[in-house]
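Here is how the chains run, residue by residue.
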Amino acid sequence: MGSIRKQTIISSLLVYVGFFIGMINMYFYTKNGSFSPEQYALTKFFFDTSQIMFAFGSLGMMSVIFKFYPYYKDNLEDRNIDLMTWAMLLSLAGFVIILIAGWQLKPLFVRKFAERSPMAVNYYAWLFPFAMGMLFFSVTESFAWAVQKSIVSNFLKETALRILTTVIILLFYFKVISFSQFIYLFAFQYLVIFLVLFFYLRKTGRLRFTFRVSKVTKRYWKKMFNMQALIFSGTVIAAIASTIDSLIIASLKGLAATGIFVFAQYAANLIQVPQRSIQSVSASVLAKAWKDKNFKEIARIYQRSCINLLLLSLLIFGNLWLNISDAIAVLNIQEQYRDGMTVLFILGMVRIIDAGTGLNGMVISTSTLWRFDFLSGVILLTMRLPLTYYLIKNYGIIGSAIAELSAYSIYNFVRYEFLRRKFGMQPFTLKTLYSLLLALGAYLLSYFLFRHMSGWLPLFLRAGLFSGIMCAGIFYGKLTPDAGQMFEVFVRWWRRNKEK
C-alpha cells in the first residue's frame, strides 16, 4: 500500500489544488454580476454531452489498456508494444462515427432542447471539438495510468485544465471577450491537455507506436475484443447514468434550473477527489495483483480504500455542510443558488456511500470477472433512467438527487455483495461504525457552538473545530493504519531535514 499511498497523496494534493482553482472558477461563474445560471449551466452541458459521446467513441478501450498492459509489459520490449497504436486508431474511428451520428441526430436535439434550452442548440457544433479532446485525452490518460504516470495525467486533468478555464473565465468577466468567444475557447481545452500529455509520454519514451502486430496481441486479441465489447456497453451505460440528470433537467426545466443543480453537484463532487486519485493510482496495481493471483493484496487494497475514503468523505462533507450557507452570503453568490441546498445534502450522502464502499468497481473491472461490472451497470441504468425522468418531471431538481441516491445505493450494494460472496472480501469493520459516530459527534458540536454567528469568522471556527476533532479521533482511535504510517513518514522526513 506504500507506493499507492505515496502516489495517492501526491495525486490528491494536485487534485485539491485543481479543485481550489475550480472553486475560484465557480465563484466567478456564480457571483452577482457575472455569468447567468444559464450560461454557467451550458459549460456543464458541454461536459455531460461530451461524456456520452466519449463513452461511445472510446469503444471500451480504456479498461482494455490497464487490464492487458501488464501482459504486454512482461512479454515485450517497450518498442514492440502495439497496444496504444490500436487503441488510438479505434478511438479515431469511434470519433468519426460520433461525428456522423451527431449530424444525423441534430434535428432530434433541436426538438428536445430548443424550447427550454435554446442556448444549447446555438452552440451545438462546438460540442464536438470538446468531445474529441475528452476522448483522446482519456485514452492517453488510461495508458498513463498503466505505466504509472498518473500524477502527470491527474495534474493535467484536475489542475491544468482548470487553470485554462480560469484564464478564459477572467477574459469574459473583465469583458475582454464575448460569451460566444468564451465558448469557442472553452471547446478546445481538452485538446490542449491531450497534446501536452501525448508529447510528454512520447518524450519520456513511454508512448511508442508500431503497426506490427505483436505476439501478445495475436495471443490475446479475442479476449481483448470480448472484454472491449462488454466494457464498451458498460462505459456507455455508466456515462448515461452519471450525466442523464442534467440533460433531462435542461430538456424539461431549462438551463437556469440546470445551473442551480450543477452548483450543488459541483460542491458535492468535492467529496470524490480522494476517490478519483486512488482509482488512477490503483488501476495498474490491481491489474498486476489479479494477474499474479495475489488475492491477499487485492483484499488489503479494497479494505484500506473503504475506510480511508469513508473518513476523507466524512471530513470533506462535514466541513462543506457546516459552512455552505454562510459561504454563499459572504462570497456574494447569486441567491437563487440557495435553491440547491437540499440537492447538495442528498448528493453528499450519495458521494459518502460511493466513497465508503471503496474501490469495488475498480477491483471488479480489473479482475477476470469484469463482465459483472457491465451487469451491475445495466442494473444502475435500468433504475436510473425511468426514476430520474419521473422524479425530475414531478419534483424538479430535488427529484434528480433522490433518484441518484436510490440508484447508487442499490448499485454499490450489488457490487459489495458480489465481492463478498465471490471472493470473501468484506471490507467493513467496527471501525466503519466508529468513523460514522465520530463524524456525527464532531458535526453536532461544531454546529451548536457557532450556530448564532455569521460572517467569515465562524467559517474558520467551525472548519477548525470539526477537522481537529476528526483528525484527533482518527489517530487516537487508530481508525486507519495509513494515518499512523503517514505521520511516521512525516516525522522521519522532518528529522532528516532538521539535521541538515
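Just above, that's the structure.
Our subject in this report is the structure included herewith. (Residues numbered from 1 in each chain as written. Predicted model: local features only at pLDDT ≥ 70, side-chain atom pairs only at ≥ 80, totals over all residues. Heavy atoms only, no water.)

Here we look at the overall build of the protein
This is how the line gets drawn: Only DSSP runs of H or I reaching four residues or more are called helices, and only runs of E reaching two or more are called strands; each is numbered from the N terminus. Computation of the radius of gyration draws on C-alpha atoms alone. For the globule rule, the value is 2.2 Å times the number of residues to the power 0.38. Using a 1.4 Å probe on the protein chains alone, a residue whose accessible area is under 20% of its type maximum counts as buried, one over 50% counts as exposed, and one in between counts as partly exposed.
For the protein, the helix and strand inventory stands at 20 helices and zero strands. For 500 residues, the compact-globule formula gives about 23 Å, and the C-alpha radius of gyration of the protein, at 23 Å, lands near that figure. When its C-alpha atoms are laid out on the principal axes, the protein stretches across 70 × 60 × 50 Å. Looking at the 500 residues of the protein, the share that counts as buried comes to 55%.

Focus on the packing of helix α11 (residues 255–269) against helix α14 (residues 341–356)
Keep this limit in mind: Axis definition: a line fitted to C-alpha atoms, over the contacting stretch in the case of helices. Angles run 0 to 180 degrees between N-to-C directions. Crossing handedness is read from the near helix: turned anticlockwise from the far helix by less than a right angle, it gives a left-handed crossing, and turned clockwise, a right-handed one. By the convention used here, residues are in contact when the closest approach between their heavy atoms is within 4.5 Å. Following the grouping adopted for this structure description, the nonpolar residues are Ala, Val, Leu, Ile, Met, Phe, Trp, Tyr, Cys and Pro, the charged ones are Asp, Glu, Lys and Arg, and the polar ones are all others, Gly among them.
Axis separation between α11 and α14 bottoms out at 8 Å; the angle between their running directions is 35 degrees. In the packing of α11 onto α14, the handedness of the crossing is right-handed. For the pair formed by α11 and α14, the contact residues are Phe261, Phe263, Ala264, Gln265, Ala267, Ala268 and Asn269 on the first element and Met341, Val343, Leu344, Leu347, Gly348 and Arg351 on the second. When its residues are assigned to classes, the contact of α11 with α14 shows nine nonpolar, three polar and one charged.

Quick word on helix α16 (residues 371–395)
The condition that has to hold: Helix span is expected to be 1.5 Å times the residue number reduced by one.
Taking 1.5 Å as the rise per residue, α16 with 25 residues should run 36 Å; its terminal C-alpha atoms sit 35 Å apart, in good agreement. Within two residues after α16, Gly396 carries a phi angle of roughly 75 degrees, on the positive side.

Here we look at the nonpolar core
The following threshold applies: By nonpolar core is meant a set of buried Ala, Val, Leu, Ile, Met, Phe, Trp, Tyr and Cys residues that side-chain atoms within 4.5 Å join together.
Ranked by internal contacts, the top residues of the largest apolar core, which has 129 residues, are Phe46, Ile65 and Phe182. Among the elements that line this core, the one with the most residues is helix α10 (residues 215–252), at 13 residues. Discounting residues that sit within four places of it in the chain, Ile65 has contacts with Leu83, Met84, Ala87, Val139, Ser142, Phe143 and Ala146. Core analysis: the second largest hydrophobic core is formed by 20 residues, Trp290, Cys306, Ala355 and Phe418 among them.

Examining the packing of helix α6 (residues 127–146) against helix α9 (residues 189–203)
As a reminder, the rule being used: Each angle is binned into one of four classes, with values under 35 degrees roughly parallel, values over 145 roughly antiparallel, values of 65 to 115 roughly perpendicular, and all other values oblique.
For the pair α6 and α9, the least separation of the axes is 7 Å and the interaxial angle reads 30 degrees. Between α6 and α9, the crossing angle belongs to the class labelled roughly parallel. In the crossing of α6 with α9, the sense of the turn from one axis to the other is left-handed. Along its contact with α6, which presents Pro129, Phe130, Met132, Gly133, Met134, Phe136, Phe137, Thr140, Glu141, Phe143 and Ala144, the element α9 presents Gln189, Tyr190, Leu191, Ile193, Phe194, Leu197, Phe198 and Leu201. In terms of residue class, the contact of α6 with α9 is built from 15 nonpolar, three polar and one charged.

Notes on the pattern of salt bridges
Going by this rule: The working definition used for a salt bridge is a side-chain nitrogen of Lys or Arg within 4 Å of a carboxyl oxygen of Asp or Glu.
Taken as a whole, this structure holds 11 salt bridges when the rule is applied. For Arg462, the salt bridge goes to Asp326, with nearest N and O atoms at 2.6 Å. In this pair, Arg462 is assigned in helix α19 (residues 456–476) and Asp326 in helix α13 (residues 295–330), connecting sequence segments 136 residues apart. Classification of Asp326 as buried rests on a relative accessible area of 18%. Residues Arg420 and Glu417 are paired through a salt bridge, measuring 2.8 Å at the closest nitrogen-oxygen approach. On the criterion of helical spacing, the pair formed by Arg420 and Glu417 is a turn pair, its members being three residues apart in helix α17 (residues 397–423).

Description of the environment of Thr388
Inspection of the secondary structure puts Thr388 in helix α16. A residue is classified by how much of its surface remains accessible, and Thr388, at 0% relative accessible area, is buried. Look past the residues within four positions of Thr388 in its chain and what remains in contact with it is Ile244, Asp245, Ile248, Ser400 and Ala403.

Structural notes on the side chain of Glu141
Here Glu141 lies in helix α6. Classification of Glu141 by relative accessible area gives buried; the value is 5%. Ignoring any residue separated from it by four or fewer positions in sequence, one finds Glu141 in contact with Ser153, Asn154, Lys157 and Leu197.

Details of the environment of Met62
Of note, Met62 is situated in helix α3 (residues 61–75). We classify Met62 as buried; its relative accessible area is 11%. Sequence separation between Met62 and Ser153 is 91 residues; the distance between their C-alpha atoms is 14 Å. Beyond its immediate stretch of four places on either side in the chain, Met62 contacts Phe54, Ser138, Val139 and Ser142.

Remarks on the packing of aromatic side chains
The description of an aromatic ring pair rests on the distance of the ring centres and on the angle between the ring planes. Let me state the cut-off plainly: In summary, the pairing rule links any two rings of Phe, Tyr or Trp, Trp by its six-membered ring, whose centres are within 6.5 Å, and it sorts them by plane angle into stacked for under 30 degrees, edge-to-face for over 60 and tilted for everything else.
Applying the stated rule across the entire model yields 46 aromatic pairs. When the centroid spacing of 5.3 Å and the interplanar angle of 35 degrees are considered together, the rings of Tyr416 and Phe428 count as tilted. One end of the pair, Tyr416, is in helix α17; the other, Phe428, is in the loop between α17 and α18 (430–449), and 12 residues separate them in sequence. The class for Tyr416 is buried, based on a relative accessible area of 14%. On the basis of an interplanar angle of 75 degrees and a centroid distance of 5.1 Å, the ring pair of Tyr447 and Phe448 is categorised as edge-to-face. Judged by its relative accessible area of 36%, Tyr447 is partly exposed.

A word on a nonpolar patch on the surface
We count it as follows: To count toward a patch, a residue needs a relative accessible area over 30% and no salt bridge; like charges are then connected within 9 Å, while nonpolar side chains (Val, Leu, Ile, Met, Phe, Trp, Tyr) are connected within 5 Å. Only the protein chains shown count as cover for residues, and all accessible areas are computed by the Shrake-Rupley method using a 1.4 Å probe.
The grouping of Leu430, Leu433, Tyr434, Leu436 and Leu437 at the surface amounts to a nonpolar patch, some 500 Å² of accessible area in total. As for its placement among the helices and strands, Leu437 is situated in helix α18. For Leu437, a relative accessible area of 51% puts it in the exposed group.

A look at unusual backbone geometry
Within the chain, Lys293 stands out as a residue other than glycine whose phi angle is a positive 55 degrees. Position of Lys293 among the secondary structure elements: in the loop between α12 (273–291) and α13. You can call Lys293 exposed: its relative accessible area is 59%. Positive phi outside glycine occurs at Asn332, with the angle close to 60 degrees. Turning to its location among the elements, Asn332 is positioned in the loop between α13 and α14. The exposure class of Asn332 is partly exposed, given its relative accessible area of 39%.

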